[in-house]
Amino acid sequence: MDDSPKFDKSSRYTEDRGIAGAFPGETVTRRRFMEGTVLVTGGIATMAFTLPALGFALGPIFEDTTPTRWESVGPTNDFNDETYVPRVINLIPEVGDPGKTTIYVRRFNPERDKEVDGQDTQPYVAISTRCAHAGCPVRYIQASQKFVCPCHGGVYGFEGDVEGGPPVRPLDRFYTRVEAGQVEIGDRFSLDSELKRFSPRDPGNHLDGLWQYIYPSRPTT
Amino acid sequence: MKLLRPAPPRPGRNGPNGPNGPPPAAKPGVKEKAVEGTAGVVGWLDERTGTTPFLRFLVYRKVPKGTNWYYTLGSATLFAFLSQAVTGVFLAMFYEPDPTRAYESASRITNEVFLGEFVRGMHKWGATVMIILIFLHMARVFFFGAYKYPRELNWLIGVTLLVLVLMMGLTGYLLPFDQRSFWATVVASNITAAGPFVGPYLADFLRAGAEFGPTTIARFYSLHMLVLPGLIIALILAHLYLVVKLGTTAPPWLKAEKKDLLREEV
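Since this is a predicted model, take the numbers as computed values, not measurements.

1. Focus on the overall build of chain B
Right, so step 1: When you go through chain B residue by residue, the secondary structure sums to nine helices and two strands.
Right, so step 2: Counting all 266 residues of chain B, 24% fall into the buried class.
Right, so step 3: In chain B, 70% of the contacts between residues at least 6 apart in sequence involve partners at least 24 apart.

Below is the structure:
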């Protein structure tokens, strides 16, 4: 003998599903509704403080906070087109001494320097000493006309192009201009092996062929 | 005090409320009062918090035969962490996470603050000790096979803790802000940036920009003393909960015997 009512578990009405205290025509029990309300309210309240806090912490990834600065490194006749002259520039003045970095500057030499199609040439070549492998400081050796990195043996030629060792792209350069007889140094840019300009990348980031999409340009640079 | 309930009668003893004892012979002295009062406070707290049954459950667990000194490496790591937390909190009272003042405040801790050299030394060497202990603990768990079912989740939590502790090491290394720590951080963020697709963004997050900037050190400081310790504490609690819930394993050289497997360890 089985006179218990038959329940249809797949019905959308709580009454058909045999839930105690169900009202006719009701699809959600009050208990379930309150559970949902509490979860949604709690979720909104949590999001209300976590999302702004996360945005606050992650914000610097999406904005370029360093304005273009032009820093004078001396009069034009300090520099020639045959050899590099070392200069110290203040890349990040806010952090004091650690923000200073050495660069090597010479005048653009039409006979030795490659011209890149569809790209204006900079009047002066300002080479960054940040090695394109792990960021160690490279040094220019006048006798061999090469840049040499002390950490892992990276060697770069006269134009900062990779000649040996682990570096993945030429040395970075800086934009240059001449204002009132003074050579001025601007923002950093990176180069691929054809010396084509790219927005600045971190050391270790390849730039040739498909690599440029694996290490894309970022909003901060 | 009204808050203190009268002590329950003790069976077989003659007391003020003993079942068949005479009234108290003499007034309790100061010492008796103090002992009684302390016991009263402790009892009051214990009755309301359930500390005794909790501690009994936690401390007097059954452990397998053959449990040896290698099983203390996890607790040793925990104490190394507590030491780091305490010394770190006090170092934070004198340290200034500002690129122009960090080095000076760190050297002031070493050279001028009373016991500053000692506390900073404990924090510095304690970090190394903690990482050594973690690896010893990990080796114990690995070679004893204690990561196997049902303890795989605890192994995963442990590995996450290892990564977090290594990140503590990375972020803490910058804080003295001398040449070594600055360049170590530059290289570390360059290595981070060499990862494909997300690497440059992660490095930007660490540096708060494309280059090591004025807020990088504050960011590392916040990660080092708030974000990472919070995560580590939460995961240590989960780690310990699983240890208590699942119990520890017998050393692998012991054969499981039917009745002899468990014994009371007091």
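2. What about the overall build of chain A?
Right, so step 1: The secondary structure content of chain A amounts to two helices and 11 strands.
Right, so step 2: Along the chain direction, N to C, the helices and strands of chain A fall in the order α-β-β-β-β-β-β-β-β-β-β-β-α.
Right, so step 3: Against the 2.2 N^0.38 benchmark of 17 Å for 221 residues, chain A shows a C-alpha radius of gyration of 31 Å, more extended than a compact globule.
Right, so step 4: Oriented by its inertia axes, the alpha-carbon framework of chain A measures out at about 105 × 35 × 35 Å.
Right, so step 5: Across the 221 residues that make up chain A, the buried fraction comes to 24%.
Right, so step 6: Considering only contacts within chain A whose residues lie at least 6 apart along the sequence, 41% involve residues at least 24 apart.

3. Section: the interface of chain B and chain A
Right, so step 1: Across the contact, 23 residues belong to chain B and 23 residues belong to chain A.
Right, so step 2: Those elements that place two or more of their residues in the side of chain B that touches chain A are α7 (179–193) and α8 (199–207) of chain B.
Right, so step 3: For the side of chain B that touches chain A, the element with the most residues is α7(B), which contributes six residues.
Right, so step 4: When its residues are assigned to classes, the side of chain B that touches chain A shows 17 nonpolar, four polar and two charged.

4. Some words on helix α5 (residues 116–143) of chain B
Residues and elements named next belong to chain B.
Right, so step 1: Taking 1.5 Å as the rise per residue, α5 with 28 residues should run 40 Å; its terminal C-alpha atoms sit 40 Å apart, in good agreement.
Right, so step 2: G126 marks the point of greatest bend in α5, at about 25 degrees.
Right, so step 3: On its buried face, α5 is in contact with α3 (73–91), α4 (102–111) and α6 (152–174).
Right, so step 4: G145, located one to two residues past α5, shows a positive phi value of around 65 degrees.

5. Considerations on the packing of α5(B) against α6(B)
Residues and elements named next belong to chain B.
Right, so step 1: Contact geometry for α5 and α6: axes closest at 11 Å, N-to-C directions at 160 degrees. It follows that α5 is roughly antiparallel to α6 by the angle criterion. The two elements α5 and α6 meet at a crossing, and its hand is left-handed. For the pair α5 and α6, contact is made by A127, M130, I131, I134, M138 and V141 and by W155, G158, L162, V165, G169 and G172, respectively.
Right, so step 2: Residues that form the contact of α5 with α6 fall into these classes: nine nonpolar, three polar and no charged.

6. What about the packing of α7(B) against α8(B)?
Residues and elements named next belong to chain B.
Right, so step 1: Two elements in contact, α7 and α8, have axes whose closest approach is 7 Å; the angle formed by their N-to-C orientations is 150 degrees. Here α7 is positioned roughly antiparallel relative to α8, judged by the angle of their axes. Counting all contacts with α7, which are made through S189, T192 and A193, the residues of α8 involved are G199, P200, L202, A203, L206 and R207.
Right, so step 2: Classifying every residue of the contact of α7 with α8 gives five nonpolar, three polar and one charged.

7. Observations regarding unusual backbone geometry
All names here are of chain B.
Right, so step 1: With omega at 0 degrees, the peptide bond leading from Y149 into P150 counts as cis.
Right, so step 2: Relative to the helices and strands, P150 is located in the loop between α5 and α6.
Right, so step 3: A positive phi is found at L115, a non-glycine position, where the angle reads about 65 degrees.
Right, so step 4: Structurally, L115 can be placed in the loop between α4 and α5.
Right, so step 5: For L115, a count of 11 C-beta atoms within 10 Å translates into the label exposed.
Right, so step 6: Positive phi values are uncommon outside glycine, yet F177 reaches one of about 55 degrees.
Right, so step 7: You can see F177 is positioned in the loop between α6 and α7.

8. Some points on the domain arrangement of chain A
Right, so step 1: Looking at the assigned domains, one finds that chain A contains domain 1 (1–62) and domain 2 (71–214).
Right, so step 2: Inter-centroid distance (C-alpha atoms) of domain 1 of chain A to domain 2 of chain A is 60 Å.

9. What about the nonpolar core?
Soluble globular proteins tend to bury their nonpolar side chains together.
Right, so step 1: Among the nonpolar cores identified, the biggest contains 22 residues, and I103(A), V105(A), A126(A) and I127(A) are the most heavily contacted of them.
Right, so step 2: Of all the secondary structure elements, the ones that give two or more residues to this core are β3 (100–107), β4 (124–128) and β10 (182–191) of chain A.
Right, so step 3: In terms of residue count, β4(A) provides more of this core than any other element does, four residues in total.
Right, so step 4: Each residue touching I103(A), except ones within four places of it in the same chain, is listed here: R87(A), I89(A), A126(A), I127(A), S128(A), T129(A), F174(A) and I185(A).
Right, so step 5: Grouped together as the second largest cluster of nonpolar side chains are 18 residues, L91(B), A106(B), L174(B) and M225(B) included.

How each quantity is defined
Starting afresh in each chain, residues are numbered from 1 along the sequence in its written order. Throughout, the order in which chains and ligands are written sets their labels, letters from A for the former and numbers from 1 for the latter. The predicted nature of this model means local features are confined to residues of pLDDT at least 70 and side-chain atom pairs, given and counted, to a pLDDT of 80 or more, with totals for whole chains, interfaces and linings taken over all residues. Where helices and strands are cited, they refer to DSSP runs of H or I of at least four residues and of E of at least two residues respectively, numbered from the N terminus. Burial is judged by counting the other C-beta atoms within 10 Å of a residue's own C-beta: 20 or more makes it buried, 12 or fewer makes it exposed, and any count in between marks it as partly exposed, with every C-beta position built from the backbone. What counts as a contact here is a pair of residues whose C-beta atoms, placed from the backbone, lie within 7 Å. Radius of gyration here is computed from C-alpha atoms only, and the compact-globule reference equals 2.2 Å multiplied by the residue count raised to the power 0.38. Here the nonpolar group is Ala, Val, Leu, Ile, Met, Phe, Trp, Tyr, Cys and Pro; Asp, Glu, Lys and Arg are the charged ones; every other residue, Gly included, is treated as polar. By definition here, a helix of n residues has an expected span of 1.5 Å times n minus one. Think of it this way: the bend at a residue is just the angle between two axes, each fitted to seven residues, one set ending at that residue and the other starting at it. To obtain an axis, a line is fitted to C-alpha atoms, over the contacting stretch when the element is a helix, and the angle between two such axes runs from 0 to 180 degrees between their N-to-C directions. Orientation is classified from the angle alone, with under 35 degrees giving roughly parallel, over 145 giving roughly antiparallel, 65 to 115 giving roughly perpendicular, and any other angle giving oblique. Take the far helix as your reference; a near helix turned counterclockwise from it by less than a right angle gives a left-handed crossing, and one turned clockwise gives a right-handed crossing. The start and end points of each domain follow an automatic or database-based domain assignment. A set of buried residues qualifies as a nonpolar core if it consists of Ala, Val, Leu, Ile, Met, Phe, Trp, Tyr and Cys joined through C-beta atoms within 7 Å.

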